[in-house]
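One letter stands for each residue in the lines below.
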Amino acid sequence: MTDPFNPTRPAGAYDDLLARVLPQAKAQRDWEPSDGPLPALFVSHGAPPTLDDPQWRNDLFVWAQTMPKPRAIIVVSAHWENAPLAISASDAGAPLYYDFGGFHPRYYALQYRTPDATALAHQVAGTLADTTLLHQHTNRGLDHGAFIPLMAMYPAAAGALTSRTRPPTTSCRCC
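This structure is a prediction, so every number in the text was calculated from the model and none was measured.

## Focus on the overall build of the protein chain
Then, in step 1: When you go through the protein chain residue by residue, the secondary structure sums to 4 helices and 6 strands.
Then, in step 2: Secondary structure elements of the protein chain, listed N to C terminal, follow the sequence α-α-β-β-β-α-β-β-α-β.
Then, in step 3: In the protein chain, which comprises 175 residues, the proportion classed as buried is 42%.
Then, in step 4: Relative to all contacts within the protein chain whose residues are 6 or more apart in sequence, the contacts with residues 24 or more apart total 85%.
Then, in step 5: Per element, the accessible surface of the protein chain, about 9500 Å² overall, is 55% carbon and sulfur.

The following block contains the structure:
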C-alpha cells in the first residue's frame, strides 16, 4: 500500500479519481425541496496528502453520492477561530488559501472552482442577531479544511459555497 504522506506522484491519486468519477459526479442529481432537508455533516479534513489516501477519498465520494447534490454548502471552519466571526469565500471562483506548509509543490497548485455565493452569504448573515459583529471577506480564499474534503466529495463542484468562522467558545453551539 502506498503511503499517502509520501506519494510517488503527489495528488496523483486525486487525478486518477477525477478521471474515473467525474462523469458520475457531473450527473449527480441536484437537491430539490421535495427531498427534504439534507443532513448537517462533520467532515474531518486531514492534510492535503489525504487526497492520495484511496480509502478516505473514495469513502467521501461514495458518501456524497448517496445524497442529492446540495445547492449550497456552508463550511464552519475552526481554522479561523482566533478571528472575529466572519463569512468568507462567497465570490465566484474564490481562491484557495494554502494554509499549510512543507508539502510537495503540487498541493499548492490544486484548484477548486466555486460558483457565486453572495446570496448565500447574505442569507447566513441575516440569521445572526443584529448585535453580532460580523466581518465579510468575500474574496478570502477557502482554507484546506474546506477545499480538501470538498474536492473528494464533489469533484465536479457543488452549489454555492461559503465559509464561516467559528468563534472560540467553550462549547460549540454552531455545530
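## Some words on the pattern of salt bridges
Then, in step 1: Tallied over the full model, the rule gives 4 salt bridges.
Then, in step 2: Notably, a salt bridge pairs R106 with D15, separated by 2.6 Å at the nearest N-O pair. Of this pair, R106 sits in the loop between β3 (96–97) and α3 (118–126) while D15 sits in helix α1 (residues 12–26), and the two are 91 residues apart along the sequence.
Then, in step 3: The class for D15 is partly exposed, based on a relative accessible area of 31%.

## Points about the packing of helix α2 (residues 54–65) against helix α4 (residues 144–153)
Packed helix pairs are specified by the crossing angle of their axes together with the interaxial distance, meaning the distance between the axes.
Then, in step 1: At their nearest, the axes of α2 and α4 sit 7 Å apart, and the two run at 70° to each other. In terms of orientation, α2 and α4 fall into the roughly perpendicular class. Contacts between α2 and α4 involve W56, R57, L60, F61, W63 and A64 from the former and I148, P149, A152 and M153 from the latter.

## A closer look at the nonpolar core
Then, in step 1: Core analysis: the biggest nonpolar cluster contains 30 residues, and L51, L110, Y112, F147, M151 and Y154 have the highest contact counts within it.
Then, in step 2: For this core, the secondary-structure elements that each account for two or more residues are α1, α2, β1 (72–77) and α4.
Then, in step 3: Of the residues forming this core, the biggest block, 7 residues, is contributed by α4.
Then, in step 4: Setting aside anything within four residues of it in sequence, one finds F147 in contact with L96, Y97, Y98, F100, Y112 and L142.
Then, in step 5: Counting 5 residues, the second largest nonpolar core, distinct from the first, contains A117, L120, A121 and V124.

## What to know about the packing of α1 against α2
Then, in step 1: As a packed pair, α1 and α2 sit with axes 11 Å apart at the nearest point and diverge in direction by 15°. When the interaxial angle is binned, α1 and α2 end up roughly parallel. Crossing hand, α1 versus α2: right-handed. For the pair α1 and α2, the contacting residues are A13, Y14, L17, R20, V21, Q24 and A25 in the first and R57, N58, F61 and Q65 in the second.
Then, in step 2: Among the residues making up the contact of α1 with α2, the classes are represented as 6 nonpolar, 3 polar and 2 charged.

The rules we used
Residues numbered from 1 in each chain as written. Predicted model: local features only at pLDDT ≥ 70, side-chain atom pairs only at ≥ 80, totals over all residues. Heavy atoms only, no water. Helix = DSSP H or I, 4+ residues; strand = E, 2+ residues; numbered from the N terminus. Buried < 20%, exposed > 50% of the residue type's maximum accessible area, 1.4 Å probe, protein only. Contact = heavy atoms within 4.5 Å. Areas by Shrake-Rupley, 256 points an atom, 1.4 Å probe, with all protein chains shown as cover. Salt bridge = Lys/Arg side-chain N within 4 Å of Asp/Glu carboxyl O. Axes fitted to C-alpha atoms, helices over the stretch in contact; angles between N-to-C directions. Parallel < 35°, antiparallel > 145°, perpendicular 65-115°, else oblique. Core = buried A, V, L, I, M, F, W, Y, C linked by side-chain atoms within 4.5 Å. Left-handed = near helix turned anticlockwise from the far one by under 90°. Nonpolar A, V, L, I, M, F, W, Y, C, P; charged D, E, K, R; others polar.

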